[in-house]
Amino acid sequence: EAQVTQNPRYLITVTGKKLTVTCSQNMNHEYMSWYRQDPGLGLRQIYYSMNVEVTDKGDVPEGYKVSRKEKRNFPLILESPSPNQTSLYFCASSLAGIGNEKLFFGSGTQLSVL
Amino acid sequence: RKEVEQDPGPFNVPEGATVAFNCTYSNSASQSFFWYRQDCRKEPKLLMSVYSSGNEDGRFTAQLNRASQYISLLIRDSKLSDSATYLCVVNGDSSNTGKLIFGQGTTLQVKP
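## Some remarks on the environment of T18 of chain B
All names here are of chain B. Summarising the element assignment, T18 is placed in the loop between β2 (11-14) and β3 (19-25). Between the C-alpha atom of T18 and that of V4, which follows or precedes it by 14 residues, the distance is 24 Å. Apart from residues lying up to four places away in sequence, T18 is in contact with L74, I75, R76 and D77.

Structure follows, in structure tokens:
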């Protein structure tokens, strides 16, 4: 089944403890992206990647890192999480770039930073 | 001014009603436009892309007005299952890059 898999689904952590949210897609998509969703603000793009070893900042990249060492995986790294990073996170992928292509989203990761 | 703006609603309509949402965008160079549907805190799913000439998919019609920089979504004969949040999505620049801007969404509640 074609899908984008995010893990974990829920995560509670404490300030400053490094964490990684994994994202994997099995559709051989070139484009992958991370978003956070907060009440009243909608989805905001954190980082995106147009292909392996190519990553770019979205609108809210501060406090996050990403890597794209292989096509299928695009992990989101929080080196030193803070409470303002408590949010619902989504990973997404599409075949290539944007154009008029459909974005496939993962099921989301609810992160709470205490 | 937000780059992509939507009225958050909620829009409360009876079954069978016709309802329309608008979404305005600030970047005149934007080239790609979409409507996504999101059910309560689940992953967004593509409802339809929006083409320059307008397009229709069953009960759903999307329109683009470049001069006024807005896109619209019309839902005819609303069903209970149409209750969801509808997200307007616009690419953030003129080239086919990966920057996407989401509106905050418009919530629709269809009542029996």
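Now that the structure has been shown, we can carry on.
## Brief notes about the sheet that holds strand β1 (residues 4-7) of chain A
In sheet architecture, strand pairing relies on hydrogen bonds along the backbone and comes in two forms, parallel and antiparallel. Residue and element names in this part refer to chain A. In spatial order, the strands read β1-β3-β8-β7; together these 4 strands make up an open sheet with antiparallel pairing. Looking at the sheet topology across the chains shown, the edges are occupied by β1 and β7 (65-66). Summarising the sheet, strand β3 (residues 19-25) and strand β8 (residues 76-78) pair through 3 bridges and their orientation is antiparallel. Residue pairing in the sheet places T20 in a bridge with I77 of β8.

## So, the interface of chain A and chain B
The interface of chain A with chain B comprises 25 residues on the first partner and 25 residues on the second. With both sides pooled, the region where chain A packs onto chain B buries about 2,000 Å², and carbon together with sulfur makes up 52% of that total. Counting across the interface, chain A meets chain B through 0 salt bridges. Scanning the region where chain A abuts chain B turns up 4 residue pairs in polar contact (both at pLDDT 80 or more). Elements with a contribution of two residues or more to the side of chain A that touches chain B: β4 (31-38), β5 (42-51) and β9 (87-94) of chain A. The element that contributes the greatest number of residues to the side of chain A that touches chain B is β5 of chain A, accounting for 5 residues. Among the residues forming the side of chain A that touches chain B, the class breakdown is 11 nonpolar, 10 polar and 4 charged.

Analysis parameters
- Residues numbered from 1 in each chain as written.
- Chains lettered and ligands numbered in written order.
- Predicted model: local features only at pLDDT ≥ 70, side-chain atom pairs only at ≥ 80, totals over all residues.
- Heavy atoms only, no water.
- Helix = DSSP H or I, 4+ residues; strand = E, 2+ residues; numbered from the N terminus.
- Contact = heavy atoms within 4.5 Å.
- Pairing = 2+ DSSP bridges.
- Buried area = accessible area lost by both parts, 1.4 Å probe.
- Salt bridge = Lys/Arg side-chain N within 4 Å of Asp/Glu carboxyl O.
- Polar contact = N/O pair within 3.5 Å; in protein donor to acceptor, adjacent residues only side chain to side chain.
- Nonpolar A, V, L, I, M, F, W, Y, C, P; charged D, E, K, R; others polar.

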